[in-house]
Each structure stands twice: as C-alpha cells, then as structure tokens.
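Examining the three-dimensional arrangement
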Amino acid sequence: MVKMANKKTRGPDKTQANTSDIVVKKLDDATDIVRQPPVFTNDSKYICIASGRQIGIYSVESAEKVHSLEEHTFDVIGLAIKDDNILLSCDASGETIEWNINNGTTLKKAPLVVAGIKEFHSFHYPGNGKVLVATPSTYTTNMSSLWIVDSHTRPRKLFADIKSTPHSIAFGCNQGNGSLVVVALQDHSVVVKDITNGVDKKHMTDQRKFTCVALHSEKLIMATGDISGRILIWHDFVHKSRPVKTVYHWHTLPVNSVCFSSEGEYLYSGGSEKVMVKWRLGMSRKQFLPRMGSSIKYIVNAPDNICVATSHSDNAIRFIDSTNKINRAIIGLVKHDPIRGFADTEPIKESVMPTGLVFDPRSHGIFFNAQAGFLQLFDPQKNSLIFNMDVANRNVLTDERNLVIGNAEVLRVAVSPTGEWLATLEVWSNMSAGYHDMNLKFWRYDAVQANYELNTDVTMPHQDRVTALCFQPGLLGTEMPCLVSIGRDLKFKIWRLVDDTDIYRQKESWSCDVAGDFRKLTPSALSFSEDGSLMAIAFQDTVTLWDPTSINLNTTLSHTLVQEPIELMEFGRDNCFRYLVCASKSALYAWDVISQGLVWKVGQLHSSVRCLVPDPKSCYMAAVLQNSEVFVFSPSSSKPVHSVPKMNSSEPIAALFVPRPNPLASGPEWLINSRLLIVDDQQEFLCVDDVSSAGFNQKLTTPISHMDSLPWTPFSAMKAEKQISAAKQLVPVVHQTSGIQGYKSVQSLLETSASALPPMSRICSLFMSDLMIKHGPKAVTAKVNSVDRTSTDLPLSNGHIDSKTQDFSEETTLQKLLTLDCQWLVETVK
Amino acid sequence: MASFKKTQIRSLPKIGQKVTADTLYWRKLNFPVTVKEFGPIDYIDVMPIEPYFIAVSSAAKVQIYNPITHQVHRHFTRFKEAAYGASIRSDGKLVIAGCDEGHVKLFDIGSKSLLRIFKGHKGPVHRCKFTTDNVHVVSFSDDKSVALWDLPSETEIIKFSEHSDYVRAGCVSSISSDLFLSGSFDHTVKLYDARSPTGSTISVDHGSPVESVLMYPSNSIFVSVGGTELRVWDMLAGGRLLARVSQHHKTITCLHLASDGKRLVTGGLDRHAKIYDVQSYQVVHTLDFPSPVLSLGITPDDFTVVAGMANGLISMQHRQTQAEARALNPKQSLKVQKKSQTAYRFRLNADFRSVNRTFNPATDVEVATKTDTNFVSRYDMFLRKFQYSKALDTVLTPYIRKKKPAITVGVMHELIRRNGLKSALAARDDSSLSSILTFLARNINDPSHANIIIQVANTLLEIYESSSLTPQSEKLFLQLQEHVNREVEYVKHLMEIEGMLHILLASTTTQARRSSTYAVQGSPVKPMLPSAAAAANATMIFNVG
C-alpha cells in the first residue's frame, strides 16, 4: 500500500499564500548582560549594564531594574558616565547617545566620525569631551586600532594592532601634570602613550600573552594580567623604559580581569578559577572569595568603594560587599557553556545545548541547559528566567593549567505529560582516563515547596550513551507513569514508578521494568503516539511499533525506498495521529501506522533535518534543516503549508512549538495556537510568528519586577496590594506569589518619582483603603443597616436592594422593640 | 555563594532483610529460658494484670509460672486425665480449666482450692473463658457444643450445639459479656449472643479446621486461624472476609495480640511465630523456635514472650532492659548518651524538677560544648584544599576501609572526577601502598564499586609498574591478580549458566509461537518478527525485572 507522493528533487514546494504575514524575529537579546563590563554611576547607587541593543539601569541596593534604555539599533559596545547623571553609550555603528540616568530620557544623539570607519570595537570615555574608540585594524584581523576623538581636533590614531577586548585598554591621569595616559595591550607588549606630553613607550616582558590591564586612579601604577595567571604591577611606566615591576602570582589560569579599588589600596583579580582574589597592594596579604559559580569576566569597582560587581560567564552580575561576601546578584538567562577542549578551542557542535528545548506543561516554560550540571526553566511569554536548578549537585570543578577537568553535563531532559515528573540524564566523562559516569535522575515537583525533589537516582542506566528519553503520554490518573529510554548499548528500557510503601513510610521510586532489544540493532529514535497507546522505536531503517503496557512487538515497518538510518521520528498529533514522520539524512517520509504503508517521501533535501517538532495544539509539524530552512507541514501530505528560507549563517540546534496563552484571532492555522521557537548554535532564540501578534514585544517596554517573589518582610506587609484604576490591566502570571495586602499600591507609590505624584491629600485615602482588608458582602449589609437605623422612613429609590432592606427594616423594628422592652424593664427595676 | 558540596557517598541499598523499627524492637528479646514439661503445652494464658503470672496447661496439670523468676508459683493437679485451656480471670484471682472428662474446674490461685466444677459437657473441654463481667464462664467442648455457665450458682445458662465437629477454639468479647466466638474443626467460626438463645448470629466458613480465634479489642473485627491461613472477618458487616494471609507453611496453632493491639502474633507447627501489622497484615518480624509452637503468651507490656511447644518445652524470653543493654555494649550506649546530651543547647538537670531545691545555674544547666551541625568530614576538608593524597589517606584508615568501604570508594570517585587520582596514588611508601592494595583486593569483587576500584587498580599499576617494589607489596599485587582471576572465572561460569537458560527459554518460546498462528498481513511491507534469541532475551529480562 505504498502511495508515493510527488517525489521532488529540490525539497518541498515553496509557493504558498499568506507567507508575507509570517516573520522570523530574533527574541530579545537583552538576556546577555555580561558582554560589556557594567558601569557604576558616580553616586554608586545604580549600575548600568549593556545587553545587546539595550541598556539597563539597575539599582545596586535591590538589584532591580529601574530603567530600560532602548534607542540603539546596533549592539552597544561601551558605556561611560559623563557627568553625575549622564550616561554616555556607543553602539557598534558609532552612534553615541547621552541619557539622563534619573528618568531614562535621551538627551543627545551624535554619530562618531572617525575617518569614515563604520564599525567600532570598543568605546572609552576618559573625560573632558575626549573619547577613545577602537576600530578594526586595517591589516590584521581580530586586532584593533585605537583612536582618540576630540570635539575640537581631528581624530587621531593612537595605536595600531592592539587587542580588541574591552579590558585591554586603560586610561588614567598623570598626577604630576594632569595629562592623560592611555595604555593598551598587544599580544606580548604594553603600549603606553602620554597624550599631552607626547611620550610613547612600549614595554615587553617574556613570551606570556597579556590578557587584561588596569590603571590606578590616582598614582601612575598599572596592573596587567597574563595567560599564565601572573599579575604584574608596573611602577612609573611612563617615563622609565625599564620600570619596576611587582609580581603577584596566585592564579593558575589566565587572569580575565584586574581592577583597582577606587582608593587604590586593593587590587581585585579574577579568572576561570571562579575565585575572586583581593590583593592588598604592597603587602603579601590576600583574601579569596571562592566558588563564585562560574568564571569571572569583568570586575568593576564602585566609586564609593563599598561594593564590587563581578560579571560572570553564566550571565550573572554579582555584588560583593566590603566584608567579601556576595549579597546580591542580577541573573540573566544562562548560556550553556559547551564542552571545550584545552585553551578555549572551538566548542564541539554536538555539545551545544544537548538537551534541546523541552516544554514544561506545568509552568508553560521551557527547560534547557544552563551552566554545566544545571538546568534552567525559561518563560517564553515573559522572556524571563523562572529558575536555575542544580541537577548534578556536585562542586563545579575548574580546569587546571594543562588539564581540562570536565563537569557533569545534563544531556537529556524529559517532562511527564502532567509536569509532575522530570527526568534528567547527566553524564560526566574523562576521556583521558576512559572513565565515565551516567546518572538518570527522577525529580518530582513539590507544589508546596515549589521546587523539584529528587526521587530516584539511577547510576549507569545504560552502558553506553542514552539517545532519547520519553515519558508515556495519555495515562489516566490511576496509572503509574512510565518512561522509556533508548541507548547506544542497543537496548531500550522501560522505567516505571513503583509503589514501595510499607507500614513504616510512604515511598515511591522508579525502577527498570523491562529491558529489551531488537536484532542487536542500535535504536536511534523514539516516539509515542498522542494517546500513549503505541510506542515507536526506530532501529536504523526499521521502525518497530510496540504496545507500551505489555511490551509486545506489534509490527515492524521497513521499505526498500527508505534504507537510510532514521535520525528523527515523531507521531502526528490531533487528526494526523496515524502518521509517523521519519527523517533520515537526506529524506523525510511518513508511515501510516494503521494501513502500515509508506504514505509519502521527500528525498534529496538540501541538508539534513536537524529537528522535527510536532505542534501539541494542532496537527502540524515543523522540520528544521541544518541550513536553517524551516518547513511546516501536515503529516498527512508532503506539501508544506509554510516554508521559511535560509535565515542566516548560524545552524539551528533545537526547535519547539510554544503554545500561546490566548489563541490568535486570525492568521495561518498552524500559528493560531502556538508559535515556533528555534535556537541556533550561538544560542540565540528565533521565533517564527505572525506579524499581528506583538505579545513578546510588549514586555520590553515595561520594567521587569522581581518584587513579587521577594520574601515577606514586616514593611512589605504594610504595602497596599493594588492601586485603584478604571483601566483593566493584564496581570501577568507570577510564580510563587505571596499574597500580601496592599502590596501593589505601595509599589506603585515607590516607583513613581516624587515629582510626578499627585498631592498627598488626594492619594492618601485611596492608599489607605488599599491597605485595608476588604470583606465584600459584610460591608454592604452593615452600611444598609446603619442607614436604616438612622432614618427608617427614608425612601430607597434603588430597586434591586428593596427586598433586602425590607428584611433589614423588620430587623430594626425588632431591635427597637427589644430596646423598648429593656427600657421598660430597667424602669420597673428602678 | 555556593558553599562547598560534600562528597557524595553512594551506598546501595542492601539486599536481604530490611532493618525496620519492628525488627529492632523484637530483636531486643533476650536468649530464652526454657522449662521442660512432660507433655505438649496445650495452652498458655497470661494474667492481664501485674505480676503477669503465666498459666500453662500441659498433660494433667495446670501450672502458674512467675515470669521473672521462671519458677512455678502454683500448680493444680486435680485432674484425672489431661487438663486443657487454663485461663486466668481478669482480676488475677481465679483460674479455670477444662479437662478430658468433660468438666470445667475453677480454682482459687491464692488458696489453690477447687471452688466449682461445671458438669454437663459430654466430651473433653479444650477451651474455657471468663466473660467480661467476671461472673460467667464460657466453655468450648469436643461434644460440638458451647455452653455459658453462671459462676455463683454453678448452673448452665445456655448451650449452643450448632457445630458439627469438635470445638477447639473460642474467645469472649472484651466489651460485652454476652458475646463470644467459637471455632470448630467443621471449618466454621460462629458468633453467639447470649441474649438471643435461638442460635449463632454470625457464622463464617474458614475453609479449614479452626485452631484459634481472636476478637479485636474494638469488637468490630475478629480473626481466625486454621490450616496455613489467617483470616480476618468484619463483624459489623455480618462476617465479611477482610483479608486472607498465608505466611506459615504448616498449620497455624495459636494467635495473640501484642504491642497494645497494634501487632498480631501467630505461632505454627513450622516452628515460627510471625508478627503482623494489624493494619496491613504484613509480616514485620519472625521469631524462631526449636520445635512446633502450640501456644503463645505475651504479657501486655511486651516484656515477656512465652511459647509452648509440642515437645513440652516452654520458652520464656524477656525484653532486654536498658541496664542489660548497657552492660552488653558499653561503647554504643555511651554514644547514645552523648548524643542525647548534645541535642540541646541548654538543658536542665533532671533532678532539678524535684521540689524544695533552689535553682543554681552553675550546676543545673548543662551547656552543650560543641554543635556539630555543620560537620565537615576530614576528607572533604582536604579535598577542599586540593590535598588529594591526604584526603585519600584519611579514608584508608583501617576503620573506614573495613567498616565503611563506600566512603573510601566515594572519595576515590571524587578523585577520579577531579583528575587527581594519579597524584594521590603516586609516591607512596610501603605501608600505605599495602593498605590500598588490600582494600582493592577486598572490594574488587563487589559489583557496586567494581568500576571505580578497577579504575584505581589500573592507575596504580600504571604508576608502579616500572618502579622496584618490596617483596611485601609484590605479594599484594599478586594477591590482587589472584582475586581478579577468580572473579573472571566466576563470571565465566555465570555466563555459561546464562547461555543454558537462554537455550531453554528460546526453545519454550518458539514452541509457544508455533502453536499460536501469527497472522502476517499481506502487505508489501513485510512485518518482521523478533528473532528467537531477541524475543527470549526480552522476555527473560522482563521476567527477572
């Protein structure tokens, strides 16, 4: 019964209607907050953070976002504080914008004009209207030239062929004559220029490459770090050709950043050891702050010397107070750090975000890799991180100088259809020793604690790599959940929850129920039908269909037309439940599991299919090709309903249909209930969506509030919960809301700047009434009662409460009688 | 900031009997004191009040034992033939016993005098009981009848003759003086109400001759034993069967409640006494006896467990007192004491509570010296400082490596992860090398640790293969090799057996397949069957799992 559909030579058809409405958008790249070093304001109360094209101003006190500045059209390459409350920013196209920090308004826009150069690497502002910009070097790639731009004179080139990283350029003031000193790093040398006096120096050391430089704010002292972990302190380097150097060597890995404290007494340094070292200059004493989570990229000191901010590679900025403790953190979405070989070679493509995107039906979030051994849950509606979860629960180990020490990596994640269970597979391997560990962990969501609790930990679930994990869908409440795993050890295993309760304690744990194999072939893909009644496992080119409850082999499907090993396989959803779509290296085809025949096949694809994702809310399915072409089709036919041409050079890693909270009013059928999210190998999120839906753009304009998840404090209890307003506001879904009276109102009062507030007498009563606990029906009756008591013969015009008032009037007369009686009694007693 | 995470010590759950609260509780029974009687012990009854005298009926006498001294307190021998089912009244003053000639005799324990003889049964009386009001007696006789007697007037009030075989089991309700149960060899258990003289109110079929019956203190459930089965019946639902438990492999002879009615104990001819949880009827513990158990008695405080056996032995076991436990294991009890002291930050001395004493903070308050809530083990301390050799040394002390090998393996695992195993193992002197080697040889057979131990052994060989060794370490290396060879041999044997099983299973499954015609669809896509070996493999693992 093989019904061959139109076999094409150039992939699916691209002629489709209404494609113009569908756009591919890059999802908010505001998530990467550690690309540029953050900048403290002069009063040390706020910190400015560049993230992509945006600039966020955060309060240091609460680590909360105060303003979001979005005017730049290119990525921001540098930030500087010009005056007390003016922020200067520059983007990659050379446009500089001056912002008012207090209210986030734009003051001035001006383009940088440097000899017709259109691309800039980094931006520094030494003061007095002078600007330092690094531009691409004319001859060598990955190197920069440094220019000084002044408002009066022509741009001057200071250095050529310097390193282009932001912390390879430093500037300071020569205290003696007030002249500007600029230093920059080349691979093996430091170049120094005294601008006013025109002194040029070039200092060379040994063969160790420099990584970062910092200048003391008051004295002419320079600190440089190199790849061997050594820090050199240079004294009087402007005038002497052989300056005095002090060596501070604790780091074993390259120093990523050095920073002087603003008084100049201490030096902070950090690197991939995840340790911040605080050196006391001129003494051998040093303090450590170990286990900071991930490697340090930048260290910035606040002008008032009270706190230090460190940017980490896990996309977090942590604030360290004067007692050397982390007390706050700004945490963004973590980019997964793929396993690298020694000395930061190119990451292996396979190891970028190995879990892919996994939808969590409980929170409507997406699970994917965070830093090594961690898993994060991302909310695609709000574009925010819900939580970051430690799966491996091990100390994060740092590399040694000649040794890469790997950490456990989460490779596979599966979520049960109800969201109650989470299965994670973590792997740790030591290639040189030929030793590896594998752990399959089952976590249960605890609704009271609002976190996942480890239920079962299975060591070495398979002898070799696990290819896929999948929970059985469509189970009734009474049935025990079931997970299927397939591995390179030729086995598929079925894990079931076993009730292990006895009279002493209640306990449930997972255990392997069945381990099976098929003709000693390698299982490569796994899929359940939508109702969970059929399990398909692909063994090379053969598809086997099993009954999941009895583990009986129902049928095997194979055909001479499709003899390549199957790489991806998915059952259709909704009314296409009978179709099983398989993707091999160059072909895409579908089986009908009821008639057991090949329905259609599309051969000779441009490149191999990277992801095959079904939409849970409709019958459509999307195939994402390695060259970033996307085809959306219904499994019943080979004709795509929509196709997206090659988007960019990046290669997609994973894709997922994300259900929308509210369906679209109009648009193509496959986009009404969900949109397609794609992640590329740079871990950028792309979204295939309808033009009309602006849901995810809305978020950018409103500042993110973390207040709702803050713990309860006595003061927060005094805040009003909501502000009275006639306009109906969309309340976003908030996780772990602690309901405290009058909270919103206080928040709005605090957030509005004092100058914009109406007179106190106007808002006071509203504010106070917000703080009060309201009891709806009781208040009404009390009111009516009191009215009745004061003037019973007052005619009530309001029709619909008439019946109520009658009752009340009866009551009041009764009360009157009672009081009369009493009076009489009192009188008689008297 | 992330704090240092402790090294994960992986200890796999032990296979075999689980240590539960119950096993610990019942294991505290001391070695039994045994007394030899002439005939099999027919029945044991425990006085419900202190001093918990034990009435034992065997052969032609009834003896009252003191449970503490194990001496005979009283004995009643005024029986012509065998005496049966002696039972003590709830006030502990009177004892009643049936006998072979069909009489029921009542004695005074204090004066040893025979007070009443209830005549009327035509067959031997095996069980007799006082009712709750203490003025009536119920007797269960081999003449297939159950009779209720009035104690003061020595007259028969009512007699039920519904059974068709010997009545050998009976009990009375603890709440109502009118209700009693009888169990007979005709497989039935009947509930009688003295207020309805027409007949039994509930009659249930046990399925085998009933050896003993028991009514729960709540009077809503009763239990019967007979054959190898224990059955639980719901009285309120008119005798609905609630549970059937079969844990003995020979006839169950006796039934008793323990631990304030939370546990049920059955004894059987298979020389075991099983203790059940009364909610789930799961066996929580088993007591073993040298001979078939005929009767059981447990004092209300669980202090003494008495078992009467077929060969005439009475075994009396006492619960270990704290003083005894301390004498037996001084170290452990000291530890327990210490723990209880440090559990509180401040603690008042116990004797301060006595009146007429003034409070003196210097002597009356104990301050805990050390709080070890954030206890960091030594190996973690060294791992934190990256001192790998020292960390390994701390877990190679004889106590840890012998008693807690999981800790040693856990630290070795962490060293492998940190890539520090080589530096930890290198440059070791003879004595520390020998401790590593003995540990490896001892644990290389353990499948739960094998992969890590093998990794360590390989690294060790790599480091020391070229260096000159002392004869002692050389011997240990050879010993390790011998262990490995033995293990390989053993695994070979196992695989041979597995192969044989495969053949057997494959042949049975193919036969089964052949008999059931497997319809193949006539489609161009030929459905494939798993090969015989594959199918066998799948099913076998399924069966094992």
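Residues numbered from 1 in each chain as written. Chains lettered and ligands numbered in written order. Predicted model: local features only at pLDDT ≥ 70, side-chain atom pairs only at ≥ 80, totals over all residues. Heavy atoms only, no water.

By the naming in an unreviewed UniProt entry, chain B is U3 small nucleolar RNA-associated protein 15 homolog, taken from Daphnia magna.

Our working definition: UniProt positions are given in the numbering used here, feature names are shortened, and annotations may be inferred rather than shown by experiment.
Within an unreviewed UniProt entry, the label attached to chain A reads WD repeat-containing protein 75 second beta-propeller domain-containing protein, and the organism entered is Daphnia magna. The heading Subcellular location (unreviewed entry) in the UniProt record of chain A holds the text "Nucleus, Nucleolus".

**Section: the overall build of chain B**
For clarity, the threshold we go by: A run of DSSP states H or I qualifies as a helix once it reaches four residues; a run of E qualifies as a strand once it reaches two. Both are numbered from the N-terminal end. Residue exposure (1.4 Å probe, protein chains only): buried if accessible area is under 20% of the type maximum, exposed if over 50%, otherwise partly exposed. Note on contacts: a residue pair is in contact if any heavy atoms of the two residues lie within 4.5 Å. Each accessible area is a Shrake-Rupley result for a 1.4 Å probe, and residues are judged covered by the shown protein chains and nothing else.
Scanning chain B from terminus to terminus reveals 13 helices and 30 strands. When each of the 545 residues of chain B is scored for burial, the buried share is 46%. Long-range contacts, defined as pairs at least 24 residues apart, comprise 45% of the intrachain contacts of chain B with a sequence gap of at least 6. For chain B, the exposed area adds up to about 28200 Å²; of that, 56% sits on carbon and sulfur atoms.

**Some details on the overall build of chain A**
Broken down by element type, chain A carries 7 helices and 56 strands. By residue count, 51% of the 830 residues in chain A fall in the buried class. Considering only contacts in chain A between residues 6 or more positions apart, those separated by 24 or more positions represent 45%. Total accessible area on chain A is roughly 38600 Å²; 54% of this is exposed by carbon and sulfur atoms.

**Observations concerning the side chain of Gln472(A)**
Structurally, Gln472(A) is set in the loop between strand 38 (466-471) and strand 39 (482-487). Sequence-distant contacts of Gln472(A), that is, excluding residues within four places in its chain, are made with Pro417(A), Cys482(A), Phe528(A), Gly532(A) and Pro548(A).

**Details of a nonpolar patch on the surface**
Convention followed: A patch is a set of surface residues, each over 30% in relative accessible area and not in a salt bridge, joined within 9 Å for like charges and within 5 Å for the nonpolar side chains Val, Leu, Ile, Met, Phe, Trp and Tyr. One speaks of a salt bridge when a side-chain nitrogen belonging to Lys or Arg is within 4 Å of a carboxyl oxygen belonging to Asp or Glu.
The grouping of Tyr490(B), Val491(B), Leu494(B), Met495(B), Ile497(B), Met500(B), Leu501(B) and Leu504(B) at the surface amounts to a nonpolar patch, some 790 Å² of accessible area in total. Relative to the assigned elements, Val491(B) resides in helix 12 (residues 471-515).

**Thoughts on the UniProt feature "repeat: WD" (unreviewed entry) in chain B**
Here, the residues flagged by UniProt with the feature "repeat: WD" (unreviewed entry) are residues 118-159 and 245-286 of chain B. What you have in residues 245-286 of chain B is 0% helix and 57% strand, and the ends, taken at the C-alpha atoms, are 15 Å apart.

**Some details on the packing of aromatic side chains**
Residues and elements named next belong to chain A. Heads up, the condition is: A pair of aromatic rings is counted whenever rings of Phe, Tyr or Trp (Trp by its six-membered ring) have centres within 6.5 Å, and the orientation is called stacked for planes under 30 degrees apart, edge-to-face for over 60 and tilted otherwise. Should the NZ of a Lys or the CZ of an Arg lie within 6 Å of a ring centre and within 35 degrees of the ring normal, that charge is described as sitting over the ring.
Using the criterion set out here, one finds 30 aromatic pairs over all chains in the structure. Pairing Tyr248 with Trp279 gives two aromatic rings, centres 5.0 Å apart and planes at 45°, and the pair type is tilted. With Tyr248 in strand 21 (residues 244-249) and Trp279 in strand 24 (residues 276-280), this residue pair connects regions lying 31 residues apart in the sequence. The residues Tyr248 and Trp279 share a single accessibility class, namely buried. Centre to centre, the rings of Trp600 and Phe633 are 5.8 Å apart; their planes meet at 85°, and the pair counts as edge-to-face. Linking Trp600 in strand 49 (residues 597-602) with Phe633 in strand 52 (residues 630-633), this pair joins segments that are 33 residues apart in sequence. With respect to class, Trp600 is no different from Phe633; both count as buried. Three or more aromatic residues link up through ring pairs in this structure, and these residues are Trp421, Phe442, Phe471, Trp495 and Trp510. One cation-aromatic arrangement involves Lys278 over Tyr266; the distance from NZ or CZ to the ring centre is 4.7 Å.

**Some remarks on a negative patch on the surface**
Worth spelling out the cut-off: The charged-residue count follows a simple rule in which Lys and Arg add positive charge and Asp and Glu add negative charge, with His and chain termini not counted at all. For the purpose of locating charges, the reference atoms are NZ of Lys, CZ of Arg, CG of Asp and CD of Glu.
Together, Asp43(A), Asp83(A), Asp84(A) and Asp304(A) make up a negatively charged patch on the protein surface. For Asp84(A), the location among the structural elements is in the loop between strand 6 (76-83) and strand 7 (86-91).

**Examining the sheet that holds strand 28 (residues 316-320) of chain A**
Residues and elements named next belong to chain A. For clarity, the cut-off: Here, any two strands with at least 2 DSSP bridges between them count as paired. All axes are obtained by fitting lines to C-alpha atoms, using only the stretch in contact for helices, and the reported angles, taken between N-to-C directions, cover 0 to 180 degrees.
Ordered by their spatial adjacency, 4 strands build an open sheet running 26-27-28-29, and the pairing between neighbours is antiparallel. Two strands in the sheet have a free side with no partner beyond their single neighbour: strand 26 (296-301) and strand 29 (326-331). Looking at each pair of strands side by side, their axes are set apart by 20° on average, direction ignored.

**Examining the sheet that holds strand 49 of chain A**
All names here are of chain A. Strand order in this open sheet of 4 strands is 46-47-48-49, and the pairing throughout is antiparallel. With one partner strand each, in any of the chains shown, strand 46 (566-571) and strand 49 form the two edges of the open sheet. For this sheet the average axis-to-axis angle between neighbouring strands, irrespective of direction, equals 20°. Summarising the sheet, strand 47 (residues 579-584) and strand 48 (residues 588-592) pair through 5 bridges and their orientation is antiparallel. Across the sheet, Cys582 pairs through a bridge with Tyr589, a residue of strand 48.

**Looking at the UniProt feature "repeat: WD" (unreviewed entry) in chain A**
This chain's UniProt record puts "repeat: WD" (unreviewed entry) on residues 248-281 of chain A. Helix and strand shares over residues 248-281 of chain A are 0% and 56% respectively, and the end C-alpha atoms of the span are 10 Å apart.

**Regarding the pairing of strand 17 (residues 202-205) of chain B**
Residues and elements named next belong to chain B. In strand 17, alternate side chains face the same way, and those of Ile202 and Val204 are buried while those of Ser203 and Asp205 on the opposite face are not. In this sheet, strand 17 lies alongside strand 16 (residues 188-193) in antiparallel orientation, the contact comprising 4 bridges. Counterpart to Val189 in the pairing with strand 17 is Val204.

**A few points about the domain arrangement of chain B**
The condition is simple: Where each domain begins and ends follows an automated or database-derived domain assignment.
The assigned domain composition of chain B is domain 1 (21-318) and domain 2 (379-488). One C-alpha centre belongs to domain 1 of chain B, the other to domain 2 of chain B, and the line joining them spans 61 Å.

**Examining the pairing of strand 26 (residues 293-298) of chain B**
Summarising burial for strand 26 of chain B: 5 of the 6 residues are buried, a large majority. Taken together, strand 26 of chain B and the strand that follows it, strand 27 (residues 304-309) of chain B, pair antiparallel across an intervening segment of 5 residues, in which Asp302(B) is found at a positive phi of about 60°.

**Brief notes about the state of the cysteines**
Where we set the bar: Any two cysteine sulfur atoms within 2.5 Å of one another count as a disulfide.
A complete count under the given rule lists 0 disulfides over all chains for this structure. Cys90(A) forms no disulfide, and the closest cysteine sulfur to it belongs to Cys48(A), at a distance of 15 Å.

**Section: the confidence of the model for chain B**
All names here are of chain B. The following threshold applies: Confidence scores per residue from the predictor, reported as pLDDT, run from 0 to 100.
Predicted confidence across chain B gives a mean pLDDT of 84, with 85% of residues reaching 70 or more. Counting contacts from residues 341-345, a segment whose pLDDT is below 50, to residues more than four positions away or on other chains yields 8 contacts. The low-confidence segment residues 517-527 (pLDDT under 50) makes 17 contacts with residues lying over four places distant or belonging to another chain. For this predicted complex, the interface score ipTM comes out at 0.76, alongside a pTM of 0.74.

**Quick look at unusual backbone geometry**
Residue and element names in this part refer to chain B. Glu50 connects to Pro51 through a cis peptide bond whose omega is 10°. Examined against the element boundaries, Pro51 turns out to sit in the loop between strand 2 (41-46) and strand 3 (54-58). The backbone phi angle of Asn134 is positive, close to 70°, even though this residue is not glycine. Locating Asn134 in the fold gives a position in the loop between strand 10 (125-130) and strand 11 (136-141). The class of Asn134 is buried, set by a relative accessible area of 16%.

**Considerations on the packing of helix 8 (residues 405-417) of chain B against helix 11 (residues 450-464) of chain B**
Residues and elements named next belong to chain B. Inclusion rule: Put simply, angles under 35 degrees are roughly parallel, angles over 145 are roughly antiparallel, angles from 65 to 115 are roughly perpendicular, and the rest are oblique. Crossing chirality is assigned from the near helix's rotation relative to the far helix, an anticlockwise turn below a right angle marking it left-handed and a clockwise turn marking it right-handed. Three classes are used, and their members are as follows: Ala, Val, Leu, Ile, Met, Phe, Trp, Tyr, Cys and Pro are nonpolar, Asp, Glu, Lys and Arg are charged, and the others, Gly among them, are polar.
Viewed as axis vectors pointing N to C, helix 8 and helix 11 meet at an angle of 60°, and their least axial separation amounts to 10 Å. If you check the angle between helix 8 and helix 11, you find them oblique. Note that helix 8 runs across helix 11; the crossing there is left-handed. The segment helix 8 lies against helix 11, with Val409, Met412, His413 and Ile416 engaging Ile452, Ile453, Gln455 and Val456. Residues belonging to the contact of helix 8 with helix 11 are distributed by class as follows: 6 nonpolar, 2 polar and no charged.

**Describing the nonpolar core**
Heads up, the rule is: Buried Ala, Val, Leu, Ile, Met, Phe, Trp, Tyr and Cys residues that are joined via side-chain atoms within 4.5 Å together make up what is termed a nonpolar core.
In this structure, Leu392(B), Leu415(B), Leu440(B) and Leu460(B) are the most contacted members of the largest nonpolar core, which totals 39 residues. Listed by contribution, the elements that provide at least two residues to this core are helix 5 (378-384), helix 6 (388-394), helix 8, helix 9 (421-425), helix 10 (430-443), helix 11 and helix 12 of chain B. With sequence-adjacent residues up to four places away left out, Leu415(B) is seen in contact with Leu383(B), Tyr388(B), Leu392(B), Gly420(B), Leu421(B) and Ala424(B). In this structure, Ala583(A), Trp600(A), Val609(A) and Phe631(A) belong to the second largest nonpolar core, which totals 35 residues.

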